[in-house]
Amino acid sequence: MSSRIQHAGLRAKVMSAQEAAAFIRPGTTVGMSGFTGSGYPKAVPLALAERISAAHARGEDFRIDLHTGASTSSEMDGALAESGGVALRTPFQSDPTMRAKINAGEVEYIDTHLSHLAQTVWNGFYGPMHTAVVEVSAIREDGTLVPSSSVGNNKSWLDLADEVILEVNSWQSEELEGLHDVYYGTALPPHRQPVMITDPADRIGQPYFECDPAKVVAVVETHAPDRNSPFKPADEDSIAIAQHLVEFFEHEVAAGRYDERLLPLQSGVGNIANAVMAELVKSRFRGLTAFTEVVQDGMLDALDSGTLSMASATAFSLSTEAAERFNANVAQYKDKLILRTQEISNHPELVRRLGILAMNGMLEADLYGNVNSTHLMGTKMMNGLGGSGDFARNAFTSFFLTPSAAKGGDISCIVPMVSHVDHTEHDVHVLVTEQGLADLRGLSPKQRARKIIAKCAHPDYRDQLQDYSDRALKESSGLHTPHLLGEALSWHQRYLDTGSMKQA
Ligand code: 0RQ
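Since the model is a prediction, treat every value here as computed from it, not as a measurement.

Thresholds applied
Residues numbered from 1 in each chain as written. Predicted model: local features only at pLDDT ≥ 70, side-chain atom pairs only at ≥ 80, totals over all residues. Heavy atoms only, no water. Buried < 20%, exposed > 50% of the residue type's maximum accessible area, 1.4 Å probe, protein only. Helix = DSSP H or I, 4+ residues; strand = E, 2+ residues; numbered from the N terminus. Arc of directions from axis to C-beta. Contact = heavy atoms within 4.5 Å. Salt bridge = Lys/Arg side-chain N within 4 Å of Asp/Glu carboxyl O. 1 Å grid on protein atoms, 1.4 Å probe; cavity = no way out; pocket = protein on both sides within 12 Å on 5 of 7 lines; lining within 4 Å. Points joined across faces, edges and corners; volume = space filled by probe spheres on them.

Participant: Quick rundown of helix α11 (residues 320–328)? Include the residues and the values.
Facilitator: Along α11, the positions that sit buried rather than exposed are Ala-322, Ala-323 and Phe-326. The arc that holds every buried residue of α11, seen down its axis, measures 100°, which confines them to one face. Of the exposed residues in α11, the ones pointing more than 90 degrees away from its buried face are Glu-324 and Ala-328. On its buried face, α11 is in contact with α10 (297–305), β14 (315–317), α12 (330–333) and β15 (337–340).

Participant: Please provide a residue-by-residue account of the pattern of salt bridges, values included.
Facilitator: Throughout the structure, instances matching the rule amount to 25 salt bridges. Here Arg-89 ties to Asp-77 by a salt bridge, and the two come within 2.7 Å at their closest N and O atoms. Of the two residues, Arg-89 is situated in strand β3 (residues 86–90) and Asp-77 in helix α4 (residues 74–82); the sequence distance between them amounts to 12 residues. Judged by its relative accessible area of 0%, Arg-89 falls in the buried class. One salt-bridge network, held together by shared partners, links Glu-252, Arg-257, Asp-439 and Arg-441.

Participant: With reference to specific residues and values, describe empty space enclosed by the protein.
Facilitator: Applying the stated criterion across every chain, the model contains one cavity of 30 Å³ or more. Empty space within the largest cavity amounts to approximately 100 Å³. What lines the largest cavity is a set of 13 residues, and nearest its centre among them are Ser-149, Trp-171, Asp-226, Phe-316 and Leu-318. Every element with two or more residues in the lining of the largest cavity is listed here: β14 and α11. In terms of residue count, the dominant contributor to the lining of the largest cavity is α11 (three residues).

Structural data, given as C-alpha cells:
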C-alpha cells in the first residue's frame with residue numbers, strides 16, 4: 001500500500017475501483033474532481049461506467065447527475081457518456097462523446113460560469129450531493145488531503161457530499177504539497193466577507209482540504225497520468241493574433257494605461273493562448289503576473305524565462321512533455337505557482353480589483369461586438385463558456401480572439417448577428433483576429449461596426465459585411481444598432497443549407 005495514505009482509519013478503507021463504484025447509486029448527484037484534463041479521478045468513473053452499462057444491459061435505469069470543476073477526459077466524461085449514464089452535466093465539458101450526447105438531446109447540460117457552480121450547489125438548486133469522487137495526491141496523518149493537479153470545486157464537493165470516495169494518485173508529484181491555497185472563508189449572503197487578495201501572489205487559505213474521515217467510504221489507489229494533450233506548435237494565425245496583442249500592450253504602456261509590468265494576465269486554453277505567451281517571452285516584458293484559470297505549457301515557459309514572475313490558477317493543462325518537466329522540477333516552481341479553488345481563481349471581485357487583462361477564445365463575434373463562445377450555428381454546444389465570463393465582465397480589458405474564418409474559409413467568424421450570445425457588447429473591449437485588432441473601447445455601436453469590418457473581418461467577407469451594414473443603415477427600423485432582422489442570421493442558415501457563408 002502506498003505510503004501516501006498516512007491516516008490509519010483511511011488506510012483500512014482502501015479497496016478496488018469496482019468496490020468503490022458500488023457506493024454510487026442510480027438517480028444520485030455526484031461531484032467529481034477534474035479541471036481541463038487534470039486532477040480527475042482515473043479509476044472510479046471507468047468502473048462506474050462499467051457498472052452502469054451492466055445495469056442497462058439488464059434493462060435497469062441507471063443515470064447520475066454529474067458536476068465537476070471543468071472538462072475531464074475520455075476515461076471520465078467519455079466513458080460515462082458512452083455508458084448512457086449521465087442525466088445532467090455541469091459546468092463544462094470538451095469531450096467528443098459527451099458533446100455528441102448533449103447535442104443529440106440525450107444529456108441535459110447546464111453551461112455555467114465556473115466561479116458560480118459551487119455557490120449554486122450550496123444554494124440547493126441541484127438538490128443534495130450524494131457522493132464526491134476526488135483525486136488527491138496524498139492523505140496526511142490527521143486526515144487532511146493534499147490536492148493534486150487541480151483544485152477546482154473539490155473543497156465544496158468534499159464539504160457537501162454525504163459520502164466521499166478518494167483516489168490517491170501516486171503519479172502526481174509528492175512535491176505538490178504546499179503549492180495549493182484552499183480558502184475556507186466563503187459564505188453565502190448575507191454573511192459574505194471581502195476576499196482579501198490584493199496581489200496575485202497573496203495566499204489566504206491553507207494547503208490542504210479538510211474532510212471528515214467518517215464520510216469517506218472508500219479509498220482507491222491509482223498511478224495514472226492526467227489527460228495531457230500533445231503540444232501543437234503555434235500556427236500562423238495564432239502567431240499573428242499574439243503579435244497584434246503584444247503590439248497593443250506596448251501601445252497601452254505608452255498611453256499610460258498599463259505599467260511596464262502590464263496588469264495580471266488571464267489567458268484561456270489552446271493554441272492561441274500558448275502563442276500569446278510565446279510572443280511575450282520574445283518581447284521586452286518581464287516580471288509579469290498571471291491571475292488565471294489554467295497553467296498551460298506557454299505559462300511554464302514564461303515562468304522559466306522570467307517573463308512571468310508568478311501565476312495563480314486553479315489547475316494545470318499541460319502537454320505530456322511539459323507535465324513530465326513540471327513533475328521533475330516542482331520544487332523550482334513552488335514559490336511561483338498557486339492553485340486555488342475555482343470560486344477564488346475566477347472570483348469577479350478579484351478580477352475587478354486586480355484589473356485583469358482577460359484573453360479568451362471565441363467562435364464568432366458580430367458587427368457590434370457581441371460574442372459567441374459556445375454554440376456552433378446557434379444550436380450545437382461546443383464546450384461551454386468556462387471561465388471566460390467570470391473574467392471578461394470584470395476585466396480591466398477584455399480581449400476575444402479568433403481566426404477570422406473557420407472551416408477552410410466557409411465560415412466567417414465575424415457575422416452580422418451572432419447566433420448565440422455568451423458575452424454581450426458591454427463586456428467586450430477588444431476583438432483580435434489574424435487580420436488585426438479592433439479596439440472597441442469608447443465606441444458607439446455604429447462606430448464599432450466600422451472598426452470590426454476594417455480590422456478583423458476576413459478579406460473574403462469584408463464586402464459582404466459592408467454591404468449588410470450599409471443596407472442596415474438605410475433600412476433598419478432603428479438606427480442605434482442597425483439590423484435587417486430578416487437577414488441577420490441568414491449567413492448561418494446559408495452555411496447549413498449550402499456548406500458556406502459566402503454569397504453565390
Ligand atoms: O472545429 O476542429 O472541427 O475544425 O470550432 O476552433 O479555431 O480550433 O479554436 O480550439 O481555440 O477553440 C471558442 C471553442 C475556440 C474555445 C473555442 C470550429 C473550428 C474547430 C475549434 P474543427 P479552433 P480553439 C478559459 C476560458 C470557451 C471557454 C473559454 C472555447 C473548432 O476557446 O471553448 O473561453 N472557449 N474558457 O473549425 C462554427 C464558427 C467557428 C467554428 C471555429 N464561427 N462557427 N465552428 N469553429 N469558429 C478556459 C476554461 O474555461 C477551461
